[in-house]
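A look at the structure
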Amino acid sequence: MPIAPITGKLRKRLWLDLSVALGLGVAAAYGFWYGVHLKAGKPNQRQACQLS
């Protein structure tokens, strides 16, 4: 049973894997920034406004 060459398959899948990974990474970063990070800073911003 011969083994099929994998070089062409890897090259074709590389672009798909990179684009999916970058897309999911950007989506996760966007969700973290607006869902967690900015909500966590609102109490600090209110306190700073009250002090000044």
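Quick look at the structure, then. Here the structure is a predicted model, which is why all the values come from computation and not from measurement. (Residues numbered from 1 in each chain as written. Predicted model: local features only at pLDDT ≥ 70, side-chain atom pairs only at ≥ 80, totals over all residues. Heavy atoms only, no water.)

This part is about the overall build of the chain. Counting its regular elements, the chain contains 1 helix and 0 strands. Across the 52 residues in the chain, those meeting the buried criterion constitute 0%. In the structure as shown, the chain presents an accessible area of about 5100 Å², 70% of it carried by carbon and sulfur atoms. (Helix = DSSP H or I, 4+ residues; strand = E, 2+ residues; numbered from the N terminus. Buried < 20%, exposed > 50% of the residue type's maximum accessible area, 1.4 Å probe, protein only. Areas by Shrake-Rupley, 256 points an atom, 1.4 Å probe, with all protein chains shown as cover.)

Tallied over the entire structure, the rule returns 1 aromatic pair. Judged by centre distance (4.8 Å) and plane angle (50°), the rings of tyrosine 30 and tyrosine 34 are tilted. Here tyrosine 34 and tyrosine 30 lie together in helix H1 (residues 7–51), a separation of 4 residues that amounts to about one turn. Classification of tyrosine 30 by relative accessible area gives exposed; the value is 57%. (Phe/Tyr/Trp six-rings, centres within 6.5 Å; stacked < 30°, edge-to-face > 60°.)

As enumerated under the stated definition, the model contains 1 salt bridge in all. Ionic pairing is found between arginine 13 and aspartate 17, a salt bridge with its closest N-O pair at 3.3 Å. Taken as a pair, arginine 13 and aspartate 17 lie in helix H1 at a separation of 4 residues, close to a single helical turn. What makes arginine 13 partly exposed here is its relative accessible area of 49%. (Salt bridge = Lys/Arg side-chain N within 4 Å of Asp/Glu carboxyl O.)

The subject of this paragraph is a nonpolar patch on the surface. Together, Tyr30, Phe32, Trp33, Tyr34, Val36 and Leu38 line one region of the surface with nonpolar side chains, adding up to about 650 Å² of accessible area. Secondary-structure assignment places tryptophan 33 in helix H1. (Patch = residues over 30% accessible without salt bridge, like charges linked within 9 Å, V, L, I, M, F, W, Y side chains within 5 Å.)

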